[in-house]
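Listed below are the residues making up each chain.
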Amino acid sequence: MSYNELQHQTDRQLVERVLQGDRHAFSAIITGTERLVAQIVQRMVFRTEDRKDLVQDIYLKAFRHLGGFRFDAKLSTWIANIAYHTCINFLEKKKILLTGENYEHLPETGAAEQSLQGKELSGIINAAIDELPPVYKTIFVLFHKEELSISEICNITSMPEGTVKSHLFRARKQLKQIILSRHKKDSL
Amino acid sequence: MNTEHVNEEALQAYAMDRRSCDAVVADHIEHCPACKIAADNYRLLFSLAADLPDAAPEFDTVQLVMPKLNERKWFDWVLAAIVAVTVAATFFLFGAYGKYLLGNVRGLPLYLALAVTAVVILLQVIKMMKNFRRSCNLITGGLSA
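Residues numbered from 1 in each chain as written. Chains lettered and ligands numbered in written order. Predicted model: local features only at pLDDT ≥ 70, side-chain atom pairs only at ≥ 80, totals over all residues. Heavy atoms only, no water.

(A) Broad picture of the overall build of chain B. Summing up its helical and strand segments, chain B has six helices and zero strands in all. The helix and strand sequence of chain B, counted from the amino end, reads α-α-α-α-α-α. Residue burial in chain B is summarised as follows: out of 145 residues, 23% are buried. In chain B, 52% of the contacts between residues at least 6 apart in sequence involve partners at least 24 apart. (Helix = DSSP H or I, 4+ residues; strand = E, 2+ residues; numbered from the N terminus. Buried < 20%, exposed > 50% of the residue type's maximum accessible area, 1.4 Å probe, protein only. Contact = heavy atoms within 4.5 Å.)

(B) Spotlight on unusual backbone geometry. Even without being a glycine, A:Phe71 presents a positive backbone phi close to 60°. In this fold, A:Phe71 is placed in the loop between helix H3 (48–65) and helix H4 (75–93).

(C) Structural view of the interface of chain A and chain B. Tallying the contact residues gives 56 residues for chain A and 40 residues for chain B. Around 4,500 Å² of area is buried between chain A and chain B when both sides are counted, 69% of it from carbon and sulfur atoms. Between the two partners, chain A and chain B, sit four salt bridges. Our count for the chain A to chain B interface comes out at nine residue pairs in polar contact (both at pLDDT 80 or more). Among the elements of the structure, helix H2 (23–44), H3, H4, helix H5 (112–116), helix H6 (121–130), helix H7 (134–144) and helix H9 (161–186) of chain A are those that each provide at least two residues to the side of chain A that touches chain B. Split into classes, the residues belonging to the side of chain A that touches chain B amount to 23 nonpolar, 17 polar and 16 charged. (Buried area = accessible area lost by both parts, 1.4 Å probe. Salt bridge = Lys/Arg side-chain N within 4 Å of Asp/Glu carboxyl O. Polar contact = N/O pair within 3.5 Å; in protein donor to acceptor, adjacent residues only side chain to side chain. Nonpolar A, V, L, I, M, F, W, Y, C, P; charged D, E, K, R; others polar.)

(D) Region of the structure containing the pattern of salt bridges. If you walk through the whole model with that rule in mind, you get 15 salt bridges over all chains. Put simply, B:Asp54 and A:Lys145 hold a salt bridge, and the shortest N to O gap is 2.9 Å. One end of the pair, B:Asp54, is in the loop between helix H3 (33–50) and helix H4 (61–94); the other, A:Lys145, is in the loop between H7 and helix H8 (150–157), on a second chain. Judged by its relative accessible area of 13%, A:Lys145 is buried. In this structure, the salt-bridge partner of B:Glu30 is B:Arg18, at a minimum N-O distance of 2.4 Å. Residue B:Glu30 is found in helix H2 (residues 23–31), and its partner B:Arg18 is found in the loop between helix H1 (8–16) and H2; the two are separated by 12 residues along the sequence. Taken together, the shared-partner salt bridges in this structure form one network comprising A:Arg35, A:Lys145, A:Glu146 and B:Asp54.

(E) Layout of the packing of H2(A) against H3(A). Residues and elements named next belong to chain A. At their nearest, the axes of H2 and H3 sit 10 Å apart, and the two run at 135° to each other. On the basis of the axis angle, H2 is oblique to H3. Of the two possible hands of crossing, H2 and H3 adopt the one that is right-handed. Only Arg 51, Val 55, Ile 58, Tyr 59, Ala 62 and Phe 63 of H3 make contact with H2, whose side of the interface consists of Arg 23, Phe 26, Ile 30, Thr 33, Glu 34, Val 37, Val 41 and Gln 42. Here the residues of the contact of H2 with H3 sort into nine nonpolar, two polar and three charged. (Axes fitted to C-alpha atoms, helices over the stretch in contact; angles between N-to-C directions. Parallel < 35°, antiparallel > 145°, perpendicular 65-115°, else oblique. Left-handed = near helix turned anticlockwise from the far one by under 90°.)

(F) Structural detail: H8(A). Most of H8(A) is tucked away, with six of its eight residues classed as buried. Within H8(A), the full set of buried residues consists of A:Ile150, A:Glu152, A:Ile153, A:Cys154, A:Ile156 and A:Thr157.

(G) Representation of the packing of aromatic side chains in the model. All names here are of chain A. In this structure the tally under the stated criterion is five aromatic pairs over all chains. Measuring from ring centre to ring centre gives 6.4 Å for Phe 26 and Tyr 59, while their planes differ by 80°; the resulting arrangement is edge-to-face. Of this pair, Phe 26 sits in helix H2 while Tyr 59 is found in helix H3, placing the two residues 33 residues apart along the sequence. Given a relative accessible area of 0%, Tyr 59 falls into the buried group. Taking the centre distance of 4.7 Å and the plane angle of 55° together, the rings of Phe 69 and Phe 71 count as tilted. Looking at Phe 71, the relative accessible area reads 15%, which means it is buried. Counting every residue linked through ring pairs, the aromatic cluster contains Phe 26, Tyr 59 and Phe 63. (Phe/Tyr/Trp six-rings, centres within 6.5 Å; stacked < 30°, edge-to-face > 60°.)

(H) Molecular detail of the nonpolar core. In this structure, A:Phe26 and A:Ile79 are the most contacted members of the largest nonpolar core, which totals 51 residues. For this core, the secondary-structure elements that each account for two or more residues are helix H1 (3–19), H2, H3, H4, H7, H8 and H9 of chain A together with H4 of chain B. In terms of residues, this core owes the most to one element, H4(A), which gives 11 residues. Aside from chain neighbours lying at most four places away, what touches A:Ile79 is A:Ile29, A:Thr33, A:Val37, A:Ile58, A:Tyr59 and A:Ala62. (Core = buried A, V, L, I, M, F, W, Y, C linked by side-chain atoms within 4.5 Å.)

Set out below in C-alpha cells:
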C-alpha cells in the first residue's frame, strides 16, 4: 500500500471518528495539520493577533464542513485550502495587494553566494520572502520549502496550473531581484 | 554554442533540474558566464528556501480551538431556541388575525392556500440551503463539493 493510500486511510478514519462525535480525533487532525496551516497563515498575515483569530476561524470552518469532505485530496490539503481562502478573504477586506511587482530591476552582479558568505542566510532569505506579495510568498514557500507539487498547490489555492506556475515564476524572479538589490545597496 | 542569452524561465528550469532542460539551453548556460551566474543565483535561492526553518505554530492551536467547538454547539442550540420562540410568539400575537386574513375561507380552498404557502416556504428554504452550500464551497475552494 502506498504512502498516499495509507494517508488517505488515516484521514478517513479520523474524519469518521470526528463525525461520530469523537472530539479527540479532531485534536489529532489539528496536531497533524497545524504546521502547514501556520506556514500559510504566517506567510500571508503580518499581525500575530490576526493570525490567532484566523487559525481559530480556519479550524472552526474545517470542523463545521468536515461532513462535506469527499477525500478527493489529502485532509491536510483540504484544510490548507480553507486556510488559504480564509487569509485571502481577510487580506481582501484589508485591501492588501495580493500579487504584483514592487522591486527594482537590477542586472545580475555575480553569484550572490560569495557575497552572502558569513551572513545569516536563512534570515536574509526569510526577510526577502516577507517582502513578496502574500500570494507569491505562499506559493513559493509551499513549493520550495514544503515541497508540495504544483497539483497540490492548485488544490490549496483553487487556481489553475498555469496561474500557479506563472505566480511561482514571478515570485522566484522577484525574490532574486529583492536579494540582489539588498546585496547591492547594503553590501551584504 | 547558441550566443543568445536564455530567458528567466529557462534559467529557473535549469536551476530546478538541469536534466529536464533543453540541451541547447543547458549548453549555453554552461558556457555563458552571465547566464551561469544568473542560474547559480537561482540555484542558491532554491537551496536556501528548502533549508529554511520549519514554521512553528505560535500558540497552542488545540487549546485555542477545542473549547470553541463546544461553544459553537451551545450557540446552535441558542439560535434554534430563539427561532422557535420567535415563530411561537408570532403565532401567539398575530394568529388571532388569521381568521380576518382568510375571512370565511373554509374546506378545500383553505387547505389549498395552506398547501401553496407551505410549498413556497419549502422552496425558499431549499434555495437558502443551496446558497449556503455554495458559499461553503467558495470558502473551501470547491474541495468539499
